[in-house]
Structure formats: C-alpha cells, structure tokens
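Structure at a glance
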Amino acid sequence: MKTTLKALALSVMIGAGMSTVAVATECIAPANPGGGWDFTCRQVSQIMYEIGVVPNPIQVTNMAGAGGGVAYTHVVGQRDTDADLLVAASSATTTRLAQNAFAGMTADQVRWLGTLGGDAGVIVVAKDSPYQTLNDLIEAVKANPAKNAFAGGSAVGGFDHLKVLMMMDRAGFTDARAIKYIGVDGGADAITQTVGGFTAAMTGDISEISGFIKSGDVRALAVFAEERVEAFPDVPTAKEQGLDLVAMNWRGFYVPKGISDEEFNVWVDRLQKVAESEQWKKVMAENGLAPYALIGGEFEGWVANNIAEIQEISREIGIIK
C-alpha cells in the first residue's frame, strides 16, 4: 500500500488529537511580488501563523498571468478539492469574471471565502511630473489621450482600468476607447511604468503602493474614497477636487469549490480571527485600508451582486455588450 506524506501527516494529527481538517499550507497570489494580491497573501498568512490558527507558516506562491486568470484556471482545473489552498482575490478578480475574461470560467467554480478590508483607489504620478492636481491630469488626457497613458496592475478591462474610465467619464470625456491604458501583472510593475516615464500616471490601490508614496518616488493626486485615508492625510479625495467618484477595492480570498463544508468553515473561522486581531488592525492602519469584513455565506451573496453591478458598468462604458 502506498503511503503519502500527506496521509502520514494526517495520521500524526489524529494521534495528537487534532482535527483532520486540512492544515493551511499555501496561499496563491495571482500576480508578481509587490502588488495587492501579494500583499494580501503575505500579510494574512503571517497573521494566521502569529495568532495560532495554523500550526505552520503558510507558503506564498506568486502565479502571475491574465489578470488572475492563470491562477483561477489552475485552481479550478487542477486543485478543486485542495483544502490546503487559499487564493488572494479582490475587485479585480470579480471584474474579470464579470467580463468573461477568464476563458469561460465563472464565479461559481470556486467558493468565495471573505474580504477583510477595503482598499481605496488612487491615482499617482512620478515625483517630477508636471501634473500637480487630479484636474491637471484630466485636462491633459482630454487634450491628448494618446500621449497621457495610464498603467495599472490589472489587465485591460480590469478594475484598475475601470477606475480610469469612470474617472474620465465623470469628467465629461466619453470616448473610452481613446484612453490609453497599459495593464501589467501587479501594482509594482505598474509603478515602474510611471516612475520610468512610460506612462503619465498609475491607477491602483493605496495599500499596494503605499511604500512608493512614502518614499517620494511618486505623488498621489487623489484617492477614490469618501474621506481622506488616515495613513495619508495629505492626499485629497477626488470628491474634494470636484469629481464624484468613489472606487474601493476589496481585499479577500477564495478557496477551491470542491472542499467540504467542514473544511470551508475552518477557513471561515481562521479568517474571522484574523479580521478581529490587533495585528490586522495595525496592518490596515499602516497601509490605508478601511475595515470591511464580509466572511462566509454573507460574502458569497455579496460577490454575486457585485458581479452583476460590474457587468452593468462595463456595458455602460462599452467593455462588454
């Protein structure tokens, strides 16, 4: 009889009186290191170990490609019953699914675990950019959209792209196809495009680029939040500058569809404990995240409604029919 290492580990846990529910071993960040998904995986994985809801450190695996599509296809096709697996997700994930951008994959092929925080959208420019305000940038794009491109960490048509399109639409510029957007794998790569002078601005979320703002490599022109972000009190909202736009990116996770309800509920309990931890509250305060915890069944229902809303917005701006 063939005895696998996993079976041996389970027998050890049983002998020690532990639950036979799978122990968390891996978190997939569907982008390169440095972006928002990578941030979510690494921070939450570390906290889960620190507060003792998992017995061993969680391995973080970066799996970039297709705006999260490579990781999604991998999970659905190859790891559908893997209860040791957690995958970082965000508004970018549901946006791509809403637009049928994952090669026919649908949102009901995974289980939506929960979100822990809301990440305000942000527009930044290089430190030596001539644009001092959001309206400076908007007027430049109106005058010459081909010259003033945006970089973002999601694919074309993804949430970062949608933020730019919604921004320009509210500013009275309705030719969405004229706006130049370069989608790369993760916020860190997008920042490089802007710092290097290849794009006029970068559209992302404040947590994934907070370090670049603090270091002075970029200047934030606006956050797309109702109020200024506590960690960055000097950055004005778009609303303060006359643009009625709020765009918050949720930060959370999905798990494979084929795991049992018991295994799913173990993950729910773990994530709930992270949400309540002092460690996570500190991470949110330091990185500009707003409290936004929806976990388990409540989150699964919210995702369905969110996808429907994204589809409506995408149709309005011509991304889908």
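The structure displayed is predicted, hence computed values, not measured ones.

Comments concerning the domain arrangement of the protein chain
Here the domain parsing of the protein chain yields domain 1 (26–119 + 249–317) and domain 2 (120–241). Summarising the inter-unit geometry, the C-alpha centres of domain 1 and domain 2 are found 24 Å apart. Between domain 1 and domain 2, the residue contacts involve 29 residues of the former and 25 residues of the latter. A combined buried area of about 1,900 Å² lies between domain 1 and domain 2, and 56% of that area is made up of carbon and sulfur atoms.

Comments concerning the pairing of strand 1 (residues 26–29)
Of the two faces of strand 1, the one carrying Glu26 and Ile28 and the one carrying Cys27 and Ala29 are both buried. With 4 bridges connecting them, strand 1 and strand 2 (residues 59–62) associate as parallel partners. Across the sheet, Glu26 pairs through a bridge with Gln59, a residue of strand 2. Where the polypeptide runs from strand 1 across helix 2 (residues 36–50) and back to strand 2, its parallel neighbour, the crossover connection is right-handed. In the sheet, strand 1 pairs with strand 3 (residues 85–90) via 3 bridges, with the strands oriented parallel.

Points about the pattern of salt bridges
In total, this model carries 15 salt bridges according to the counting rule given. Arg251 is the salt-bridge partner of Asp119, the closest N and O atoms lying 3.0 Å from each other. Taken together, the positions of Asp119 in strand 4 (residues 110–126) and Arg251 in strand 9 (residues 248–256) put the pair 132 residues apart, joining distant regions of the chain. Arg251 carries the same exposure label as Asp119, and that label is buried. Between Glu278 and Lys281 there is a salt bridge, and its shortest N-O distance comes to 3.5 Å. Of the two residues, Glu278 and Lys281 both sit in helix 10 (residues 278–287), 3 residues apart, roughly one turn of that helix. For Lys281, a relative accessible area of 40% gives the class partly exposed.

Let's talk about the layout of surface pockets
Taken as a whole, the largest pocket holds about 320 Å³ of empty space. Ser91, Phe159, Met248, Asn306 and Glu309 are the residues nearest the centre of the largest pocket, which is lined by 17 residues in total. Those elements that provide at least two residues to the lining of the largest pocket are helix 6 (159–170), strand 9 and helix 11 (297–316). Considered class by class, the residues forming the lining of the largest pocket number 12 nonpolar, 3 polar and 2 charged. Two domains each donate at least three residues to the lining of the largest pocket, and these are domain 1 (26–119 + 249–317) and domain 2 (120–241).

About the thresholds
Residues numbered from 1 in each chain as written. Predicted model: local features only at pLDDT ≥ 70, side-chain atom pairs only at ≥ 80, totals over all residues. Heavy atoms only, no water. Domains from an automatic or database assignment. Contact = heavy atoms within 4.5 Å. Buried area = accessible area lost by both parts, 1.4 Å probe. Buried < 20%, exposed > 50% of the residue type's maximum accessible area, 1.4 Å probe, protein only. Helix = DSSP H or I, 4+ residues; strand = E, 2+ residues; numbered from the N terminus. Pairing = 2+ DSSP bridges. Right-handed = clockwise from strand over helix to strand, strands pointing away. Salt bridge = Lys/Arg side-chain N within 4 Å of Asp/Glu carboxyl O. 1 Å grid on protein atoms, 1.4 Å probe; cavity = no way out; pocket = protein on both sides within 12 Å on 5 of 7 lines; lining within 4 Å. Points joined across faces, edges and corners; volume = space filled by probe spheres on them. Nonpolar A, V, L, I, M, F, W, Y, C, P; charged D, E, K, R; others polar.

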